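These are the residues of each chain, in order.
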Amino acid sequence: MRVLERSRGRAAVVLGAAALLAVGLVGCSSDGDSDTADGGAGTSASSETRTFEAQNGSIEIPADPQRIVACGYAVLPLIQSNANLAAVCEWARETENMDEETLAAYEELPKVAPDMSVADLNYEAVTMAEPDLIIMGVPAMVQEQLDMATLETLAPVVFLGPSIPGEWRELGEQFADAANVSDSYGEFKDEYDARAAELAEKYAGTLGSLKFAGVCSECGTNPGEYMREYKSSYTTNLFDDLGFDFPGTPADPAITHGEYLSFEQLPENLGDADVIVYGIEADGSVTPALQELFDSPLWKELPAVKAGNLVAVEHANAATYQTALLALDSIDAALEKLPANQSQQ
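The rules behind the values
- The residue numbers shown here count from 1 along each chain, following its written sequence.
- Under the rules for a predicted model, residues below a pLDDT of 70 receive no local features and side-chain atom pairs below 80 are neither given nor counted, while totals for whole chains, interfaces and linings still include all residues.
- Side-chain metrics in this entry use all non-hydrogen atoms of the structure; hydrogen atoms and water are not considered.
- To define a nonpolar core, start from buried Ala, Val, Leu, Ile, Met, Phe, Trp, Tyr and Cys residues and group those joined through side-chain atoms within 4.5 Å.
- For every residue, the accessible area (1.4 Å probe, protein chains only) is compared with the maximum for its type, and the residue is labelled buried under 20%, exposed over 50%, or partly exposed between those bounds.
- Counting from the N terminus, the helices are DSSP H or I runs at least four residues long and the strands are E runs at least two residues long.
- Contact criterion: two residues are considered in contact whenever any of their non-hydrogen atoms come within 4.5 Å of each other.
- Here, the term disulfide refers to a pair of cysteine sulfur atoms separated by no more than 2.5 Å.
- Any two strands are treated as partners once DSSP identifies two or more bridges connecting them.
- A fitted line through C-alpha atoms represents every axis, and for helices the fit uses only the stretch in contact; the resulting angles, taken between N-to-C directions, go from 0 to 180 degrees.
- Angle categories are assigned with fixed cut-offs, so that under 35 degrees is roughly parallel, over 145 is roughly antiparallel, 65 to 115 is roughly perpendicular, and the rest are oblique.
- By definition, any crossing whose near helix is turned counterclockwise from its far helix by less than a right angle is left-handed, and any crossing with a clockwise turn is right-handed.
- Residue classes follow a fixed rule: Ala, Val, Leu, Ile, Met, Phe, Trp, Tyr, Cys and Pro count as nonpolar, while Asp, Glu, Lys and Arg count as charged, and any other residue, Gly among them, counts as polar.
- Ring pairs are drawn from Phe, Tyr and Trp, using the six-membered ring of Trp, whenever the two centres fall within 6.5 Å, and their geometry is named by plane angle: stacked under 30 degrees, edge-to-face over 60, tilted for the rest.
- Salt bridges are defined by distance alone: a side-chain nitrogen of Lys or Arg within 4 Å of a carboxyl oxygen of Asp or Glu.

Undergrad: An account of the nonpolar core is needed here, citing residue identities and associated values.
TA: If you look at the biggest cluster of nonpolar residues, it comprises 65 residues, and the most contacted ones within it are Leu78 and Phe239. Top contributing element to this core by residue count: helix H12 (residues 321-336), with eight residues. Setting aside residues no more than four positions away along its own chain, Phe239 makes contact with Phe244, Phe246, Val277, Val311, Val313 and Ile331. Among the nonpolar cores identified, the runner-up in size contains 23 residues, and Val69, Val118, Leu154 and Ala155 belong to it.

Next comes the structure, spelled out in structure tokens:
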């Protein structure tokens, strides 16, 4: 079974580590010289450290980091929290979720790796950013693709990677803590919690007893296959706080939130689902891979599809409270007009 790390369109996710050392490092590591672009304004703060508990151990980090390089799920929450970022990995999957100010800040930052391809991390670019802290929020399963030893010569490295996509909630707070921006992170958490509770109550009576299933819209599938999403996966995690049931587990016990299956397995795998959810683009279109699935005669014969009980989710890549609020609005609109909801009213 292939690793469940998403790719945009049909681009294959690079999972090999062969390219890790292909890029040479420039000169020496950033050892705290005050010759930074701000003339050493953060030197005093950077001299104070604290111990941070990360997935890669107890790490001594600056108490108030001034030049952070962030990757993966750490990128957007740290931009939204106005952390002191010097460079980031691309996080193109959520550009449609960003408001103008956030998008402008994201685009202005130097990029050190392509979206969803940490194997192609540009170590020279990380060096040029002169980080005093590196926060790696890439999925835990791809940590082995990183040359951690090289990164640790440049700055303290905090690794906080999700094992399932739904962990963005807890990890967001940890990213903010490491970056010393906890006070400005989570501004939208209370609003999100209230909105999720509202939707949970709104649909508990009509949809609460139904079986939900998810299909990933951007998971790098091969022709003739799809990715079934279970609880807390890329799109389905947006329903985690709404009280809906996404039963089932992958055949591989090492992966809990989704699995790749062939179209021929549609009847046995999705035939008992009452409602199927999937992500759509900002303009309402679907990815080519998802369109191929929708064109399959076996898909068209699924009971949920024939009944029209499909939930198309805008902003399905949301991984912060601010952007998840947009997704909840989309989910509410879709559930409101769902035939299964109408028939129960």
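Additional details are given in the paragraphs that follow.
Undergrad: So what's going on with unusual backbone geometry? Which residues, and what values?
TA: The backbone of Asn82 sits at a positive phi, close to 60°, despite the residue not being glycine. As for its placement among the helices and strands, Asn82 is situated in the loop between helix H2 (75-80) and strand S4 (85-88). One non-glycine residue, Met116, lies in positive phi territory at about 60°. Of note, Met116 is situated in the loop between helix H3 (100-108) and helix H4 (123-128).

Undergrad: Account for the state of the cysteines, naming residues and giving values.
TA: Overall, the coordinates contain two disulfides when judged by the stated rule. The residue that forms a disulfide with Cys71 is Cys89, at a sulfur-sulfur distance of 1.9 Å. On the sign convention where negative is left-handed, the bridge of Cys71 and Cys89, at about 55° about the S-S bond, is right-handed. Taken as a pair, Cys71 in strand S3 (residues 68-72) and Cys89 in the loop between S4 and H3 lie far apart in primary sequence, 18 residues in all. The class for Cys89 is buried, based on a relative accessible area of 5%. A sulfur-sulfur separation of 1.9 Å characterises the disulfide bridge that pairs Cys216 with Cys219. With the S-S dihedral at roughly 75°, the linkage between Cys216 and Cys219 falls on the right-handed side.

Undergrad: Mind laying out the pairing of strand S2 (residues 57-62), listing which residues take part and the relevant values?
TA: Side-chain positions along a regular strand alternate between the two faces of the sheet. Pairing geometry for strand S1 (residues 49-54) and S2, over six bridges, is antiparallel. By the bridge assignment, Thr51 is partnered in S2 with Glu60. Two successive antiparallel strands, S1 and S2, enclose a turn made up of two residues.

Undergrad: Quick rundown of the packing of helix H7 (residues 189-207) against H12? Include the residues and the values.
TA: In the contact formed by H7 and H12, the axes pass within 10 Å of each other and the chain directions differ by 20°. By the angle class used here, H7 and H12 are roughly parallel. With respect to the hand of their crossing, H7 and H12 are arranged in left-handed fashion. Residues Lys189, Glu191, Tyr192, Arg195, Ala196, Leu199, Lys202, Tyr203 and Leu207 of H7 lie in contact with H12, whose contacting residues are Tyr321, Ala324, Leu325, Leu328, Asp329, Asp332, Leu335 and Glu336. When its residues are assigned to classes, the contact of H7 with H12 shows ten nonpolar, no polar and seven charged.

Undergrad: Hey, could you go over the packing of aromatic side chains for me, with residue numbers and the actual values?
TA: Here a ring pair, both rings aromatic, is described through the centre-centre distance and the interplanar angle of the planes. Summed over all chains, the structure comprises twelve aromatic pairs. Judged by centre distance (5.0 Å) and plane angle (65°), the rings of Tyr278 and Phe294 are edge-to-face. A residue pair is termed long-range when its members are at least 10 positions apart, and Tyr278 in strand S10 (residues 275-279) and Phe294 in helix H9 (residues 288-294) qualify at 16 residues. Note on Tyr278: relative accessible area 11%, which makes it buried.

Undergrad: Would you mind going over the pattern of salt bridges in detail, with residue names and values included?
TA: What the rule picks out here adds up to twelve salt bridges. A salt bridge links Asp241 to Arg169, with the shortest nitrogen-to-oxygen separation between them at 3.1 Å. Separated by 72 residues along the polypeptide, Asp241 in the loop between strand S8 (225-229) and strand S9 (258-262) and Arg169 in helix H6 (residues 168-178) bring together distant segments of the chain. Residue Asp241 is classed as partly exposed on the basis of its relative accessible area of 33%. The salt bridge involving Lys211 is made with Asp272; its shortest N-O contact spans 3.9 Å. Of this pair, Lys211 sits in the loop between H7 and strand S7 (212-215) while Asp272 sits in the loop between helix H8 (266-270) and S10; the two residues are 61 residues apart in sequence, bridging distant segments of the chain. Using a relative accessible area of 47% as the deciding quantity, one classes Asp272 as partly exposed. One network of salt bridges, in which partners are shared, links Arg195, Glu198, Lys202, Asp329, Asp332 and Glu336.

Worth remembering: the numbers are spatial, not functional.
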